[in-house]
Amino acid sequence: MEKINLTIDNRNVEIPKGSTILEAANSVGIRIPTLCHMKLHDLCYENQPGACRICVVEVDGRRNLAPACKTECTANMVIKTHTPRVLNARRTVMELILSNHPNECLTCSKNGYCDLQSVAHDLGIREIRYKGEISKFTPDISPSIVRNMDKCIMCRRCEEACNTIQSVGALSAINRGFEAVVGTAFGRDISGSTCTYCGQCVAICPTGALEERTHIDEVLAALANPSKKVVVQTAPAVRVALGKDFGYEPGSDVTGKMVSALRQLGFDYVFDTDFAADLTIMEEGTELLGRIKEFLAGNEEVKLPLMTSCCPGWVSFMEQHYPDMLDNLSTAKSPQQMFGAIAKNYFAPIAGVDRKDLVVVSIMPCVAKKFECGREEFAVDGDADVNYSLTTRELAHLIRYANIDFNHLIEGDFDAPLGESTGASVIFGTTGGVIEAAVRTAYEVHTGKPLPKVDFQELRGFEGIRSATIDFEGVKLNIGIAHGLANARKLVEEAKAGKSPFHAIEVMACPGGCIGGGGQPFHRGDMEVLRKRQAALYCADSAKELRKSHENPFIISLYKEFLGEPNNELAHSLLHTHYHDRKVVICCTDKEKK
Amino acid sequence: MENKICMPKCKVEEIQGICREFNNDPGELINILHRTQSLLGYLPMEVQEVIAEEINIPAAKIYGVVTFYSYFTMLPKGKYPISICMGTACYVRGAEKVLDEFKRQLGIGVGETTDDGLFSIDCLRCVGACGLAPVVTIGSKVYGRLAPEKVRDVLSDYYLREG
């Protein structure tokens, strides 16, 4: 690749031709502030509308200041990033942004995590010289996401994520001038839009404009209520991300401390969603083998490819965009909901409590899980199987509320029986993990022989769409994997056209899978954070003695004592679900309406 | 979520026809919206949903375009749409007083339509007839040097026409 030389702040920089000033500066450790810009190269996410103008720099020979994120370097360019003129311009830009921003940092949920706040701090803003009209939008509160558009700075990262990465198209810039805002079609509430609650908009919002709907107070109340038994389940991706809030390196596995923290918070039983992930594999794997057997027997009606159903953002996407393909979704509930069903129907009687007095809390890397646990089909007489779902970020807040010195906790172990899990379940947290776990079990169940190797490197990675063929002793299973809904859409379109080469497809709505979920500590555009979280999950998998879901002794005894066989009637009533057509349809009426 | 949009079949087909004339090309969205608005007079939510479905782009994107350009409207215009020029020349020659008189006579504000559906009021910037300032257009008819006192007479012509 052709390289060019230029000077930034009196330092010589050599960079590939075509780089922006921002990239050139970053390559030598010069940190130019940005707000709207965000680039996640591996995920093909690039938001550089050049809208905020906070990254301006001085270029010799150029009359006006140049936005570093949008300006391509030329050979021998001389750039200065912190002259009085530059700093003055940045401060002016920041003051103008802040002149229409609610000054409520102390009570804002993003306090301490806000990009706008930290850039304002770095620029040393001490007064806002501009006074004017302030935007007034009504907060839009949905089961998963809350939109406070007064705090929107029109960086349009969310619009880019919603449309390009996710192809959901719920958000768009609407109106113009002072009225301009990122909103939904026809100004509907987010819950009335095509939003899937994937939460990627929340994950990358630089301010408090987009946040999760919090349920911390409800959980604190349940913990303080002596007539309730409160159990908690933690999703696989939480344990490798939570540490970030307590100063740990990205990707540190803090499972033991997390368990101790939850116990100290007062949860009566600390269980693991991983247990339910093993259960999911039993049900979904059996379903997959069943469909393939029928297909091989010549039944052309059987719906293939079978698509995974663990991810609630993905399920909503299918319900809203491809209702005619819902039969391809596995009927297996997600691990969160399988856990809830087992906790309320199996564990509650064992613990000697009525299901209504057993409060099930989940800790998820996800905001869509909040919507999922509130779905009608997951409740019995109004009592939800999972009562509250908290994000990883909310758990970090809870830990601080409870005055817990997280870093010095002694590592604890999950409680039995719903805390035992295998390596197969822990990789559910990354793209490729669910299908790898399914393959491990399906192979052994189908062939009756032990796997020659447990690790399926061919299913791992970060490419948006991946595929592999696994040989089940003569039966070749074609597997597709997609993460990010725009990638998933391609595989669904292919299947819809009857051209899918796959028997099974794994989809996770968030880029990277749950490790990059909308409820995780913010990655701030740093791809390394996701890589390290992924590596930590594979590491936790290989450290486990048992690495196949069907070897989990508690799963074996659960079937033996309670459920019977996978996919039987009881398993179906507790562990499987159905889906709804939620697509907007145009109905033609015959006559002109007056 | 209300996921049913009901519209007369003939209207849906007309809108689909316009989209197909432009090969259902999302890049032609503005032209499609122009043609649709000239056919129907306005672009209500249902119409935008039909276009979204037909050219396969999110309804939010279409709504974004419709709300960005002041030419597009989601509210039906009157049978006789009144546009008062607020360009510099017209403004200094008393366009605002003319506007106020129209508002007073019709009992509606800018961007609104009378209950009988006859008149709607909008403002625009310069119709290129500054020599005739202040200028008002009603439908395709242009009224020059329109003093506030003449507004009542102008309107009564239309009321007479309607019987």
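Residues numbered from 1 in each chain as written. Chains lettered and ligands numbered in written order. Predicted model: local features only at pLDDT ≥ 70, side-chain atom pairs only at ≥ 80, totals over all residues. Heavy atoms only, no water.

1. Some points on the domain arrangement of chain B
Threshold: A domain assignment, automatic or from a database, supplies the domain bounds used here.
Parsing chain B into structural domains produces domain 1 (9-68) and domain 2 (80-162). Computed from C-alpha coordinates alone, the two centres of domain 1 of chain B and domain 2 of chain B are separated by 29 Å.

2. Describing the interface of chain B and chain A
Keep this limit in mind: We call two residues contacting when some pair of their heavy atoms lies within 4.5 Å. Computed with a 1.4 Å rolling probe, the buried area is the accessible surface lost when two parts are put together, summed over both parts. Salt bridges, as used here, are contacts in which a Lys or Arg side-chain nitrogen is within 4 Å of a carboxyl oxygen on Asp or Glu. For helices the rule is a DSSP run of H or I covering at least 4 residues; for strands it is a run of E covering at least 2, with both sets numbered from the N terminus onward. Under the scheme applied, nonpolar residues are Ala, Val, Leu, Ile, Met, Phe, Trp, Tyr, Cys and Pro; charged residues are Asp, Glu, Lys and Arg; polar residues are all the others, including Gly. For two strands to be treated as a pair, DSSP must find at least two bridges joining them.
Counting from both sides, the interface comprises 27 residues of chain B and, opposite them, 31 residues of chain A. When chain B packs against chain A, close to 2500 Å² is buried across both sides, 60% of that on carbon and sulfur atoms. Linking chain B with chain A are 2 salt bridges. Across the pair R188 of chain A and E49 of chain B runs a salt bridge, and its minimum N-O distance is 3.1 Å. Counting only elements with at least two residues in the side of chain B that touches chain A, the list comes to β1 (4-8), α1 (9-21), α3 (45-55) and α4 (59-68) of chain B. Counted by class, the side of chain B that touches chain A contains 16 nonpolar, 5 polar and 6 charged residues. Pairing geometry for strand β23 (residues 585-589) of chain A and β1 of chain B, over 5 bridges, is parallel. Residue pairing in the sheet places I586 of chain A in a bridge with I5 of chain B of β1 of chain B.

3. As for the side chain of D115 of chain A
All names here are of chain A. Put simply, the test is: Only protein chains enter the area calculation, which uses a 1.4 Å probe; residues under 20% of their type maximum are buried, those over 50% are exposed, and those in between are partly exposed. Polar contacts, as used here, are pairs of N or O atoms within 3.5 Å; protein pairs need one atom able to donate a hydrogen and one able to accept it. Residues neighboring in sequence count only if both atoms are side-chain atoms.
Checked against the element boundaries, D115 lands in helix α3 (residues 115-122). With a relative accessible area of 14%, D115 lands in the buried category. At 3.5 Å, the side chain of D115 and the side chain of R157 are in polar contact.

4. Comments concerning the sheet that holds strand β14 (residues 269-272) of chain A
Residues and elements named next belong to chain A. The following threshold applies: Orientation is described by lines fitted to C-alpha atoms, with helices fitted over the stretch in contact, and by angles between N-to-C directions that extend from 0 to 180 degrees.
Sheet architecture is open: 4 strands sit in the order β14-β13-β16-β19, paired in parallel fashion. Each edge of the open sheet carries a strand with a single partner, namely β14 and β19 (388-391). Mean inter-strand twist for the sheet, computed between neighbouring axes without regard to direction, equals 25 degrees. Bridge analysis of strand β13 (residues 229-234) against strand β16 (residues 358-364) gives 6 bridges, and the strand direction is parallel.

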